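Each chain, letter by letter, is given below.
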Amino acid sequence: QVQLVESGGGLVQPGGSLRLSCAASGSIFSINSMGWYRQAPGNQRDLVAGIRSGGRTNYADSVKGRFTISRDNAKDTLYLQMNSLKPEDTPVYYCNVDELRYCRLVRHWGQGTQVTVSS
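Residues numbered from 1 in each chain as written. Predicted model: local features only at pLDDT ≥ 70, side-chain atom pairs only at ≥ 80, totals over all residues. Heavy atoms only, no water.

S.K.: Is there a simple way to explain the overall build of the protein chain in this structure?
M.R.: Secondary structure assignment for the protein chain yields 0 helices and 11 strands. Going from the N terminus to the C terminus, the protein chain shows its helices and strands as β-β-β-β-β-β-β-β-β-β-β. Relative to the 2.2 N^0.38 estimate, which gives 14 Å for 119 residues, the radius of gyration of the protein chain is 14 Å and therefore close to what a compact globule would have. With the principal axes as the frame, the protein chain shows a C-alpha extent of 45 × 25 × 25 Å. By residue count, 39% of the 119 residues in the protein chain fall in the buried class. (Helix = DSSP H or I, 4+ residues; strand = E, 2+ residues; numbered from the N terminus. Rg over C-alpha atoms; globule rule 2.2 N^0.38 Å. Buried < 20%, exposed > 50% of the residue type's maximum accessible area, 1.4 Å probe, protein only.)

S.K.: Explain the packing of aromatic side chains to me, please; I cannot follow it from the model alone.
M.R.: Each aromatic ring pair is specified by the distance between its two centres and by the angle formed by the two planes. Taken as a whole and judged by the stated rule, the model has 1 aromatic pair. The aromatic ring of Trp109 is capped on one face by Arg45, whose charged end is 4.7 Å from the ring centroid. (Phe/Tyr/Trp six-rings, centres within 6.5 Å; stacked < 30°, edge-to-face > 60°. Lys NZ or Arg CZ within 6 Å of the ring centre and 35° of its normal.)

S.K.: Help me out: how do you make sense of the pattern of salt bridges in this one?
M.R.: Between side chains of opposite charge, pairing is possible as soon as their charged atoms come close. By the definition in use, this model includes 6 salt bridges. Between Asp61 and Lys64 there is a salt bridge, and its shortest N-O distance comes to 3.1 Å. Ionic pairing is found between Arg66 and Asp89, a salt bridge with its closest N-O pair at 2.8 Å. With a gap of 23 residues between them, Arg66 in the loop between β6 (57-59) and β7 (67-72) and Asp89 in the loop between β8 (77-82) and β9 (92-101) connect regions that are remote in the sequence. Note on accessibility: Arg66 and Asp89 belong to one class, buried. Sharing partners across several salt bridges, the network here consists of Arg38, Arg66 and Asp89. (Salt bridge = Lys/Arg side-chain N within 4 Å of Asp/Glu carboxyl O.)

Structure below.
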């Protein structure tokens, strides 16, 4: 079974930095893409940063220049480096892996890690 476990969330002051980690375990047939999403209470889960299997990345406009997504293959871990944090970066962050199984996409999610940006 595929399991994703996020860590690294916590309380940070505006302008500070935080690095989220997503440890992956289990067997994945073929990775279509990986990414970080965030969801505030009462809102939908939106993409923050994504990375395709070929290495191409994309970011939400609100985080461009501040966040960086990366992957450490040796540790089977996905990272999200967050700099210059703002109060609006507060929502819970979820790690995602989209697995391609033959003709359909299977989405895997972590349990989430909370980020709170406050003085």
